[in-house]
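# Reading the structure
Each chain, letter by letter, is given below.
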Amino acid sequence: MSTENLPQSPEQPPRKPRVAVVFGGRSSEHGISVVTAGAVLRAIDRTKYDVLPIGITRDGRWALTADEPERMAITDRRTPTVEELAESQEGGVVLPVDPANREVVYSEPGSVPKALGEVDVVFPVLHGPYGEDGTLQGLLELSGVPYVGSGVLASAVGQDKEYMKRVFTSFGLRVGPYVVIRPREWQLDESAARKKIIDFAGEHGWPLFVKPARAGSSIGITKVDDLAGLDEAIAEAQSHDPKILVEAALRGREIECGVLEFEDGPRASVPAEIPPPETHAYYDFEAKYIDSTPGIVPAPLTEEETAEVRRLAVDAFEAASCEGLVRADFFLTEDGHFVINEINTLPGFTPISMYPAMWQASGIAYPELVDRLIQAALRRPTGLR
């Protein structure tokens, strides 16, 4: 029998990929993560993607939040929180741990769990521990859900400044002098641990920078000009991380460069320079996000210097086995060498952040940058690769 004249059932339009934007988190960078999420939510092309905003509260609860990026902004020098955006103070979002099932479920006490639909890719905009350090990435690998950014190993290396420097050194990248104080050293013999830092200062001179070993965005960092300020700086760093890193000050210019994964591999943006902030001792959290100290994009470098720092940024990306995106931070020392300070595998991504600003100057606007990161994540499988 011919079927030519029979009524045809209309074809269902293909489902748009669903992007879960996960933000907030348990680290001290919770607030700036919420600000970043607002910018990403504004930029995602809603004609191309469905979006599910998921906030993680400061105590670790996964909350369903309103898709209202206008509420995710710094107001009166104060960053927003997931608790303010959550649709319920008790409900929780649960990701599947079965790679064959990407259905996200929302439940509240005393209510029947509600399916929120499948998630095709996660865009994590968490900074610091419990998000940028490989922990969330491991959960997503177990769930079989693709995600933006680096995998477990690269995320962990990018978060721990000690092992980051060890990896870079093994690949021939220059790093500055540093010393690490681990928690056990401090607990067993506080005097010996302090002497280790004082001896380091005797060798390399003051000032020193005392940092949490596994934090970012300049939180918990103190510039120490002499012995009198050392104990307070150590206490401040240890309030964020029991493992601390002490670095010698490098004389030179601060240069940053963005790396983005394209179809044919990683490429570097034009670099930027971070001038010394006029009202801050160094480029700290408030200078970055609250007072919005502007960077110079592109950095006023020679052609040779620009080519060199772009090459080194990609080398750092490859050395740590990164994926998706990285911001690489360097010092251009007075003797003309680039010394890598650190990488950020989930760098600041607010509209005023340097990573999107460098790509804007390289010809890729913020919405296209977001789209490229999502597409790169959708191209990659989870698991070993």
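Look up: the structure comes first, before these words.
Let me begin by describing the structure that accompanies this report. Values in this document were obtained by computation on a predicted structure and should not be read as measured data.

This brings us to the environment of Gly 91. Within the secondary structure, Gly 91 is located in the loop between helix H2 (82-85) and strand E4 (92-94). Separated by 22 residues in the primary sequence, Gly 91 and Pro 113 have C-alpha atoms spaced 9.7 Å apart. When sequence neighbours within four positions are dropped, the list of residues in contact with Gly 91 reads Arg 61, Trp 62, Ala 63, Tyr 106, Ser 107 and Glu 108.

In this structure, the amide linkage connecting Trp 206 to the following residue, Pro 207, adopts the cis form with an omega of 0°. Relative to the helices and strands, Pro 207 resides in the loop between helix H7 (190-204) and strand E9 (208-212). A cis amide bond, omega -5°, links Val 297 with the succeeding residue Pro 298. Mapping Pro 298 onto the fold places it in the loop between helix H9 (285-290) and helix H10 (303-319). Even without glycine at this site, Arg 77 takes up a positive phi of about 65°. Positionally, Arg 77 belongs in the loop between strand E3 (62-64) and H2.

Moving on to the sheet that holds strand E5 (residues 103-107). Read across the open sheet, the three strands follow the order E4-E5-E6; overall the sheet is antiparallel. A single partner strand is all that each edge strand has here, and the edge strands are E4 and strand E6 (114-118). In this sheet, adjacent strand axes meet at a mean angle of 25° when their direction is disregarded. The pairing of E4 with E5 spans three bridges and is antiparallel. Its bridge partner lying in E5, Gly 92 is registered against Ser 107.

With respect to the element layout, Lys 165 can be found in helix H5 (residues 161-170). In this structure the side chain of Lys 165 is engaged in a polar contact, spanning 2.9 Å, whose partner is the side chain of Glu 247. Excluding residues within four positions of it along the chain, Lys 165 makes contact with Val 175, Tyr 178, Leu 245, Glu 247 and Asn 341.

Let us now look at the pattern of salt bridges. Summed over all chains, the structure comprises 32 salt bridges. Among the salt bridges present, the one from Arg 15 reaches Glu 118, with a minimum N-O distance of 3.8 Å. One end of the pair, Arg 15, is in the segment before strand E1 (18-24); the other, Glu 118, is in strand E6, with 103 residues separating them in the sequence. A salt bridge links Asp 67 to Arg 46; the nearest nitrogen and oxygen atoms lie 2.6 Å apart. Note that Asp 67 is positioned in the loop between E3 and H2 and Arg 46 in the loop between helix H1 (30-43) and strand E2 (50-56), a separation of 21 residues in sequence.

To continue, consider the side chain of Ser 269. Within the secondary structure, Ser 269 is located in the loop between strand E13 (265-268) and strand E14 (272-274). Not counting residues within four places of it along the chain, the set of residues in contact with Ser 269 comprises Cys 257, Gly 258, Arg 310, Met 358, Trp 359 and Ser 362.

What follows covers empty space enclosed by the protein. Scanning the model with the defined rule gives three cavities of 30 Å³ or more in all. The wall of the second largest cavity is formed by Thr 36, Phe 123, Pro 124, Val 125, His 127, Val 148, Leu 325, Leu 346, Pro 347, Phe 349 and Leu 373. In terms of residue class, the lining of the second largest cavity is built from nine nonpolar, two polar and no charged.

Before going further, it helps to spend a moment on the nonpolar core. Ranked by size, the top nonpolar core spans 35 residues in total, and within it Val 21, Phe 23, Val 40, Ile 44, Phe 123, Phe 349 and Val 370 carry the most contacts. If you list the elements that add at least two residues to this core, you get E1, H1, H2, strand E7 (121-124), strand E12 (252-262), helix H11 (354-361) and helix H12 (366-379). Dropping the residues within four chain positions of it, Phe 123 is found in contact with Val 19, Ala 20, Val 21, Val 22, Val 40, Val 148, Val 370, Leu 373 and Ile 374.

Conventions we followed
- For every chain, the first residue of its written sequence is number 1, and the numbers climb from 1 along that sequence.
- Owing to the predicted nature of the model, reporting of local features is limited to residues with pLDDT of at least 70; listing and counting of side-chain atom pairs is limited to 80 or more, with chain, interface and lining totals taken over all residues.
- Heavy atoms throughout the structure, all of them, feed into the side-chain values; hydrogens and water do not.
- For helices the rule is a DSSP run of H or I covering at least 4 residues; for strands it is a run of E covering at least 2, with both sets numbered from the N terminus onward.
- It only takes one pair of heavy atoms within 4.5 Å for two residues to be counted as in contact.
- Note on pairing: two strands pair once DSSP finds at least 2 bridges between them.
- As a rule, the C-alpha atoms of each element are fitted with a line to give its axis, helices using only the stretch in contact, and angles between N-to-C directions run from 0 to 180 degrees.
- A 3.5 Å cut-off defines polar contacts: any pair of N or O atoms within that distance qualifies, except that in protein one atom must be a possible hydrogen donor and the other a possible acceptor, and neighbouring residues in sequence count only when both atoms are side-chain atoms.
- Salt bridges are defined by distance alone: a side-chain nitrogen of Lys or Arg within 4 Å of a carboxyl oxygen of Asp or Glu.
- Here a cavity is any set of points on a 1 Å grid over the protein atoms alone where a 1.4 Å probe fits but cannot get out, and a pocket is any open set with protein on both sides within 12 Å along at least 5 of 7 lines; a residue lines the site when it has an atom within 4 Å of a point.
- Grid points are joined across faces, edges and corners, and a volume is the space filled by probe spheres set on the points.
- Only Asp, Glu, Lys and Arg are considered charged, only Ala, Val, Leu, Ile, Met, Phe, Trp, Tyr, Cys and Pro nonpolar, and every remaining residue, Gly among them, polar.
- We call a set of buried residues a nonpolar core when its members are Ala, Val, Leu, Ile, Met, Phe, Trp, Tyr or Cys and they connect through side-chain atoms within 4.5 Å of each other.
- Here's how the labels work: a residue is buried when its accessible area is under 20% of the maximum for its type, exposed when over 50%, partly exposed in between, all with a 1.4 Å probe on protein chains only.

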